[in-house]
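# Tertiary structure, described
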Amino acid sequence: MTTARIAVLPEIRAPRERPFQIQTREIPPLVEGAVLVKNLMAGVCGTDVHILHGKVPVRLPAVLGHENAGRVEAIGGDAPIKDITGKTLQIGDTVTWLPKSCMRCYNCTILNDQSKCTNRVGYGGWVVPADQHPYFVGGFAEVSWVLPGSDFVVIPPEVSLEGVVLGDALRIMVHALDCLGGLEYGDTVVVQGAGPVGMMGMILAKDAGAGKVILIGGPAGRLALAREFGAYATLDIAEMTAAERIAAVMDMTDGRGADVVFECAGVPAAVPEGLEMARINGSCLIAGHYGDAGTVPINPHVINKKQISIKGVWSASNKHFLRGLTLLGRIPVEKLVTHRFTLDQINDALIAAERQEVLKAVIVP
Ligand SMILES: [Zn+2]
Ligand SMILES: [Zn+2]
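Note that the structure is a prediction, hence the values are computed from the model and not measured. (Residues numbered from 1 in each chain as written. Chains lettered and ligands numbered in written order. Predicted model: local features only at pLDDT ≥ 70, side-chain atom pairs only at ≥ 80, totals over all residues.)

### Notes on the overall build of the chain
This is how it is decided: Per the convention used, a helix needs a DSSP run of H or I reaching at least four residues, while a strand needs a run of E reaching at least two, with both numbered from the N terminus. Only C-alpha atoms enter the radius of gyration, while the globule expectation follows 2.2 Å times N to the 0.38, with N the number of residues. Any residue surrounded by 20 or more other C-beta atoms within 10 Å of its C-beta is treated as buried, while 12 or fewer makes it exposed and the intermediate range makes it partly exposed; C-beta atoms here are placed from the backbone. Working definition of a contact: two residues with C-beta atoms, positioned from the backbone, lying within 7 Å.
Of the regular secondary structure elements, the chain holds 10 helices and 15 strands. In terms of C-alpha radius of gyration, the chain reaches 21 Å, essentially the compact-globule figure of 21 Å for 365 residues. Judged by the C-alpha coordinates and their principal axes, the chain covers about 65 × 40 × 35 Å. Every one of the 365 residues in the chain was classed for burial, and the buried ones make up 48%. Counting contacts in the chain only where the partners sit at least 6 residues apart, residues at least 24 apart contribute 69% of the total.

This is the structure in structure tokens:
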């Protein structure tokens, strides 16, 4: 293979303007330590939609696609390349490659928090622009040219490609559980938001010992899927007011409120609503506001009176992805990938994702 196709985003434009252009490019020869990966599947993420609305900056022209699963095609040089657990990469391995933290900045070394690395670079918009070597730096292309020193993970055989792609959403919620110090067995957890992060949060909470998980969101098809995956109850935002949703949560918790609330909706109003749903000494984890969706009034009295802990959680460290793999190998998460698109259909995929016609869309180049 000497050339490959790539979906380039020349400038920031909304999905309905069909901003991606498919181009054919020469694949640059590998240098020592670089890896050529055949892209097998790339997730279309809410972040990609935010990017097309200018809410998350990327390096233009960009090649997006940061939730990637691929097969190792070629390795540059003779030296063995290890993944983040120390496994040696072999040709034919199924792999993903995670955002790279520098492990030298204050946040990496003193705060011990890779997710807040000030020099973090992620494939799918942030490594180099698509018109600079090595060009193939995102999943929305037939191949990826992965730079020397990248953080690979060899994917175990029990984890599907869909699982790898959903691992991006799951790792955020593994990070959330890490911040919380885990759940107490039998906790009631409210999850706000029925997108991939909310769904993975719901599945993870159950797996981590929650007694009841109440998922709030829509549309109805997603909620049905959530019940199939074990949600104790689902509350449809199209059918209930905020006051009704709060009353329903109180009803299901004997008037006490939820032990833990995961905000995965990305809607500012979900935060004060979640505070009303939390019990005395309960916790609210804010995980859905990766893009800046604006402000909302909050009554501090509620936080004070109920002694609520509020914590934000941003992306994740490598360890959160790795730990999430253990769940992805046991749960049939493939069903959460509801739509598949070819590389040529990239604009359609982003339009569908923006309209929330899909739970999770993937590109199969
Ligand atoms: Zn993502
Ligand atoms: Zn750093």
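### Focus on the environment of Ile-12
Mapped onto the secondary structure, Ile-12 falls in the loop between β1 (3–8) and β2 (21–26). Here Ile-12 falls in the partly exposed class, since 17 other C-beta atoms lie within 10 Å of it. Between the alpha carbons of Ile-12 and Pro-61 there is a distance of 8.9 Å; along the sequence they are 49 residues apart. If near-sequence neighbours (up to four positions away) are discounted, Ile-12 is found in contact with Leu-52 and Gly-54.

### Digging into the sheet that holds strand β10 (residues 233–236)
Using the following cut-off: Two strands make a pair as long as DSSP finds a minimum of two bridges between them. Fitted lines through C-alpha atoms serve as axes, helices being fitted only where they are in contact, and the angles separating the N-to-C directions of these axes extend from 0 to 180 degrees.
One open sheet accounts for six strands, arranged β10-β9-β8-β11-β12-β13; its pairing is parallel. Both outer strands of the open sheet, β10 and β13 (309–312), are each paired with one neighbouring strand and no more. With strand direction ignored, the average angle separating the axes of adjacent strands in the sheet is 15°. Of the strand pairs in this sheet, strand β12 (residues 278–286) and β13 are connected by four bridges, and their pairing is parallel. In the strand pairing of β13, Cys-284 is matched with Ile-310. Sheet strands touched by helix α3 (residues 161–180): β11 (258–263), β12 and β13. Its angle to β12, the strand with the most contacts, is close to 140°.

### Some thoughts on the domain arrangement of the chain
Rules: Where each domain begins and ends is defined by an automated method or by a domain database. Each residue receives one of three labels: charged for Asp, Glu, Lys and Arg, nonpolar for Ala, Val, Leu, Ile, Met, Phe, Trp, Tyr, Cys and Pro, and polar for the others, Gly being one of them.
Domain boundaries assigned for the chain yield domain 1 (3–160 + 329–363) and domain 2 (170–312). The C-alpha centroid of domain 2 is placed 29 Å from the C-alpha centroid of domain 1. In this assembly, 11 residues from domain 1 lie in contact with 10 residues from domain 2. Across the side of domain 1 that touches domain 2, the residue classes break down as four nonpolar, four polar and three charged.

### Quick word on unusual backbone geometry
Residue Pro-61 is bonded to the preceding Leu-60 through a cis peptide linkage, with omega at -10°. Within the secondary structure layout, Pro-61 lies in the loop between α1 (46–52) and β4 (68–75). Put simply, His-133 and Pro-134 share a cis peptide bond, and its omega is 5°. Tracing the backbone through its elements, the reader meets Pro-134 in the loop between α2 (106–109) and β6 (143–146). The backbone of Asp-254 sits at a positive phi, close to 55°, despite the residue not being glycine. We classify Asp-254 as exposed; it has 8 C-beta atoms within 10 Å.

### Re the packing of helix α6 (residues 242–252) against helix α7 (residues 270–277)
Formally: Angular relationships are summarised with four words: roughly parallel below 35 degrees, roughly antiparallel beyond 145, roughly perpendicular across 65 to 115, and oblique for the angles in between. Put simply, a crossing is left-handed when the front helix is turned counterclockwise from the back one by less than a right angle, and right-handed when it is turned clockwise.
Direction vectors running N to C along α6 and α7 enclose 30°, while the axes themselves pass 9 Å from each other. Classified by the angle between their axes, α6 and α7 sit roughly parallel to one another. In this structure, α6 crosses over α7, and the sense of that crossing is right-handed. From α6, Ala-242, Arg-245, Ile-246 and Val-249 reach across to α7, where they touch Glu-273, Glu-276 and Met-277. Considered class by class, the residues forming the contact of α6 with α7 number four nonpolar, no polar and three charged.

### Here we look at the nonpolar core
Worth spelling out the cut-off: To form a nonpolar core, buried Ala, Val, Leu, Ile, Met, Phe, Trp, Tyr and Cys residues must be joined through C-beta atoms within 7 Å.
Among the nonpolar cores identified, the biggest contains 114 residues, and Val-63, Met-173, Val-189, Val-191, Leu-215 and Ala-287 are the most heavily contacted of them. Ranked by the residues each element gives to this core, the list is headed by α3, at 11 residues. In contact with Val-189, not counting residues within four places along its chain, are Leu-183, Ala-205, Ala-210, Val-213, Ala-258, Asp-259, Val-260 and Phe-262.

### Concerning the pairing of β6
Burial along β6 is two-sided: the residues Val-143 and Trp-145 and Ser-144 and Val-146 are all buried. When strand β3 (residues 35–44) meets β6, the two strands line up antiparallel, connected through four bridges. Each bridged residue has a counterpart across the sheet, and for Val-37 the counterpart in β6 is Ser-144.

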